[in-house]
Amino acid sequence: MKRLLQGTLLVGCLLVTACRQPPAPEVVAAVQAEQEPEQESWQVDYRLSLEGRPRARLLAAHLIRQEFPESTYVVLEGTAEEPVRGWLFTPEGDSSATLRAQRVVYYENARRFEAKGEVEVVTREGRWLLTDRLRWFEDRQRLYAPGFVRLLAPDEQVEGFELDADEQLTSYRLRRVTGRVVIEEETSE
C-alpha cells in the first residue's frame, strides 16, 4: 500500500512538473506567425467598391488585415483624438451617409462592417444615429445595432434598443421605444 501511494505521488509530481514546462520555442514561433497580420498600415484611406461603384471609404490611423482559411477581415482603428471617419454610398454610387467610430471591422466574406465605440452616422437627409455598436450588412443594405440607440431628425427624437433599419434611416424598427415625433395633420380644404 505504501509503495502504491509513493508511486501515485511520484506520477502526480511528474505530471505537475510536465505541465509547468514552457512550450518549445518552435511551437511559440509557429503560433505567433499564425497570429501576425497579413498587412499592417498607418494613416489609411480604405476604399471598398462593388462593380466599379464606391460602397464605402474609411480613413483610419491604423489598419490590420488578417487572413484565415474560413474568413478574412480588416480592422481599422482610430485614436482618442481622431476616430475612424467614413462615407457610405448607395449601390448606385451616390453618397448616402457619413460615419464616425473608434473602430471598424470589415468581414470580407460576409460583406459586413461592425463599428464600435461612440458610433455616429449622419445621412444626407440630416438623420443622426448615435450608438456604441453598429453592424452594416452591405449586401442587404441594412443597419443593425444590438444595444441602445438614439435617432435624431428634424421631426423626431427617438431612443430605443435593437435597431433594424435601412441605410438611409427612414424605415426602422426598435424595441422599448421612447421619444418625440412631430406628426403633421392634413387639412381638408
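Parameters and conventions
Residues numbered from 1 in each chain as written. Predicted model: local features only at pLDDT ≥ 70, side-chain atom pairs only at ≥ 80, totals over all residues. Heavy atoms only, no water. 1 Å grid on protein atoms, 1.4 Å probe; cavity = no way out; pocket = protein on both sides within 12 Å on 5 of 7 lines; lining within 4 Å. Points joined across faces, edges and corners; volume = space filled by probe spheres on them. Nonpolar A, V, L, I, M, F, W, Y, C, P; charged D, E, K, R; others polar. Core = buried A, V, L, I, M, F, W, Y, C linked by side-chain atoms within 4.5 Å. Buried < 20%, exposed > 50% of the residue type's maximum accessible area, 1.4 Å probe, protein only. Contact = heavy atoms within 4.5 Å. Helix = DSSP H or I, 4+ residues; strand = E, 2+ residues; numbered from the N terminus.

**Considering empty space enclosed by the protein**
Next, step 1: Applying the stated rule across the entire model yields 2 cavities of 30 Å³ or more.
Next, step 2: Counted as a void, the largest cavity has a volume near 80 Å³.
Next, step 3: Residues that form the lining of the largest cavity fall into these classes: 8 nonpolar, no polar and no charged.
Next, step 4: Counted as a void, the second largest cavity has a volume near 30 Å³.
Next, step 5: Leu-88, Ser-96, Val-121, Trp-136, Leu-143 and Glu-167 are the residues that line the second largest cavity.
Next, step 6: Split into classes, the residues belonging to the lining of the second largest cavity amount to 4 nonpolar, 1 polar and 1 charged.

**Structural notes on the nonpolar core**
Next, step 1: Membership of the largest hydrophobic core comes to 32 residues, with the highest contact counts inside it found for Leu-76, Val-104 and Leu-163.
Next, step 2: When neighbours within four sequence positions are excluded, Leu-76 is seen to be in contact with Val-44, Tyr-46, Leu-58, Ala-60, His-62, Leu-63, Val-84, Gln-102, Arg-103 and Val-104.

**Concerning unusual backbone geometry**
Next, step 1: In this structure, Glu-51 takes a positive phi of about 55° despite not being glycine.
Next, step 2: Inspection of the secondary structure puts Glu-51 in the loop between β1 (39-50) and β2 (53-67).
Next, step 3: The class for Glu-51 is exposed, based on a relative accessible area of 69%.
Next, step 4: Of note, Glu-162 is a non-glycine position whose phi angle comes to about 60°, a positive value.
Next, step 5: Note on placement: Glu-162 falls in strand β10 (residues 156-166).
Next, step 6: You can call Glu-162 partly exposed: its relative accessible area is 40%.

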